[in-house]
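# Breakdown of the fold
Listed below are the residues making up each chain.
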Amino acid sequence: MTAPTVRRRRLGSELRRLREGAKLTLEEVEARSGLSASKVSRIESATRGAKPADVEQLMSTYDLDDPDVRSFLLTLAKDGSKRGWWQSYNLSPLYADLISLEHDASTFNTFEPMLIPGLLQTAGYARAVITALSMTATPAEVAPLVEVRMARQSVLTRPRPLKLRAIIHEAALTTRAPGLGVMRDQLQRLLDVAEYPHVTIQVLPTDAELHPGAAGGFTVLGFGQPGLDVVHVEQLDRSLYIEEPQEVSRYAEAFERVTASALPFDQSLSLIAAKKDVQP
């Protein structure tokens, strides 16, 4: 049995939240919808996919009237078994989840304390980062991961591009990457992408006062509907996804506080340009 996609898990989570909000047990849902309690349970746990007709029936059972939410959940049902381009690569399930979330998201707010965000990396910088963090990967193993990272960046140039806000700590601009010109090219890439109307890049200076981002980097992915946003926290050998609305709200607030401590847009770009000019 294949692992459930992030779309299936998200659909199951939202349908369970709707059921609990309606204060219905699985048995009561069965009596009202005609769908067996075991089937509803498997849909909620993402151990099986959900047909759009079943989702329609459940949404009606839960008296969900919001047309935008209904449309979003139906899209999740239709796409639940869809294979994305990234699934042709041998990626970990958690990394595949991140790419799937990026693909479906409308906004991407990220704070990076030590690295340039993946969606803004050059191939040379990405190769250096992946090699350093993996510690044991061979060049042959790193190459397809660099290819995937470059392909991920298509979300910034698609017809309806991802709206990206990146807060990058000043330390990430000065961390040395092996290879002549790698950091210079990377900083130029930041300046180039910052010209996109849907991309905002700010630098958090080293002399900024303490802020919530001191606990580490994180990303808030937005989907345009209340309660559907997801937080991604990346660690050395694993990733954490946070979906509970109250916890997501805390991270969203933390991002705004980090933003308030960052340099304004124009000053940030001037600092990036100055750092680029002193790179070998």
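I will try to describe carefully the structure that is included in this document. All values derive from a computational prediction rather than experimental measurement.

Reading the values: rules and limits
Residues numbered from 1 in each chain as written. Predicted model: local features only at pLDDT ≥ 70, side-chain atom pairs only at ≥ 80, totals over all residues. Heavy atoms only, no water. Axes fitted to C-alpha atoms, helices over the stretch in contact; angles between N-to-C directions. Helix = DSSP H or I, 4+ residues; strand = E, 2+ residues; numbered from the N terminus. Parallel < 35°, antiparallel > 145°, perpendicular 65-115°, else oblique. Contact = heavy atoms within 4.5 Å. Nonpolar A, V, L, I, M, F, W, Y, C, P; charged D, E, K, R; others polar. Salt bridge = Lys/Arg side-chain N within 4 Å of Asp/Glu carboxyl O. Buried < 20%, exposed > 50% of the residue type's maximum accessible area, 1.4 Å probe, protein only. Left-handed = near helix turned anticlockwise from the far one by under 90°. Core = buried A, V, L, I, M, F, W, Y, C linked by side-chain atoms within 4.5 Å. Phe/Tyr/Trp six-rings, centres within 6.5 Å; stacked < 30°, edge-to-face > 60°. Lys NZ or Arg CZ within 6 Å of the ring centre and 35° of its normal. Pairing = 2+ DSSP bridges.

Two measures define how a pair of helices packs: the angle their axes make with one another and the distance between the axes. The contact between helix 2 (residues 26-33) and helix 4 (residues 52-61) brings their axes to 10 Å, and the two run at 105°. The orientation of helix 2 relative to helix 4 falls into the category roughly perpendicular. Residue-level inspection shows V29, R32 and S33 of helix 2 in contact with helix 4, the latter providing Q57, L58 and T61. Residue composition of the contact of helix 2 with helix 4, by class: two nonpolar, three polar and one charged.

Below, the discussion takes up the pattern of salt bridges. Under the definition given, this model contains 11 salt bridges. A salt bridge links E256 to R165; the shortest N-O distance between them is 3.0 Å. Separated by 91 residues along the polypeptide, E256 in helix 11 (residues 245-261) and R165 in strand 2 (residues 163-169) bring together distant segments of the chain. A relative accessible area of 22% means that R165 is categorised as partly exposed.

Put simply, helix 10 (residues 182-193) and helix 12 (residues 265-277) touch, their axes get as near as 9 Å, and they point 160° apart. The angle between the axes of helix 10 and helix 12 places the two elements in the roughly antiparallel class. Crossing geometry of helix 10 relative to helix 12 is assigned as left-handed. Residue-level inspection shows R184, L187, Q188, L190 and L191 of helix 10 in contact with helix 12, the latter providing L269, I272, A273, K275, K276 and D277.

To continue, consider the nonpolar core. Membership of the largest hydrophobic core comes to 55 residues, with the highest contact counts inside it found for V55, L73, L120, L156, L190 and I272. Among all residues touching I272, those that are not within four sequence positions of it are L173, L187, L190, L191, I201 and V203. Formed by 13 residues, the second largest nonpolar core is a distinct cluster that contains F111, I167, V233 and V258.

With that settled, the discussion passes to the packing of aromatic side chains. Scanning the model with the defined rule gives five aromatic pairs in all. Aromatic side chains W85 and W86 sit 5.6 Å apart centroid to centroid with 85° between the ring planes, which places their arrangement in the edge-to-face category. Residue classification places W85 among the partly exposed residues on the basis of a relative accessible area of 31%. On the accessibility criterion, W86 (3% relative accessible area) is buried. Aromatic pair W85 and Y89: ring centres 6.3 Å apart, planes at 90°, arrangement edge-to-face. Using a relative accessible area of 23% as the deciding quantity, one classes Y89 as partly exposed. Site record: aromatic cluster; members linked through ring pairs are W85, W86 and Y89. Seen from the ring of F223, R10 lies directly overhead, with NZ or CZ sitting 5.4 Å from the centre.

Next up on the list: the pairing of strand 4 (residues 218-222). Most of strand 4 sits out of view: five of its five residues are buried. Neither face of strand 4 is left uncovered, since the one carrying F218, V220 and G222 and the one carrying T219 and L221 both have all their residues buried. Two strands pair when backbone bridges link them, and strand 1 (residues 107-112) and strand 4 are joined in this way by five bridges, in the antiparallel orientation. Pairing of F108 across the sheet is with L221, part of strand 4. Pairing of strand 4 with strand 5 (residues 230-234), which is carried by three bridges, proceeds in the antiparallel orientation. Along strand 5, the bridge assignment pairs T219 with H232.

Strand 2 sits mainly inside the fold: five of its seven residues count as buried. Pairing analysis gives six bridges linking strand 1 to strand 2, with the strands arranged parallel. Looking at the pairing, N109 lines up with R165 of strand 2. Judged from the six bridges that link them, strand 2 and strand 3 (residues 199-204) form a sheet pairing that is parallel.

The subject of this paragraph is the sheet that holds strand 5. Each strand in a sheet pairs with its neighbour through backbone hydrogen bonds, running either in the same direction (parallel) or in the opposite one (antiparallel). Across the sheet, six strands lie side by side as 3-2-1-4-5-6; this open sheet has mixed pairing. Two strands close off the open sheet at either side, each with one partner strand: strand 3 and strand 6 (239-242). Strand after strand, the sheet turns through a mean of 15° between neighbouring axes, direction not considered. As judged from the four bridges shared by strand 5 and strand 6, these two strands associate in the antiparallel manner. Directly across from V233, in strand 6, lies its bridge partner L240. Strands in contact with helix 6 (residues 93-104) are strand 1, strand 4, strand 5 and strand 6; relative to strand 6, the strand with the most contacts, it is inclined by about 45°.

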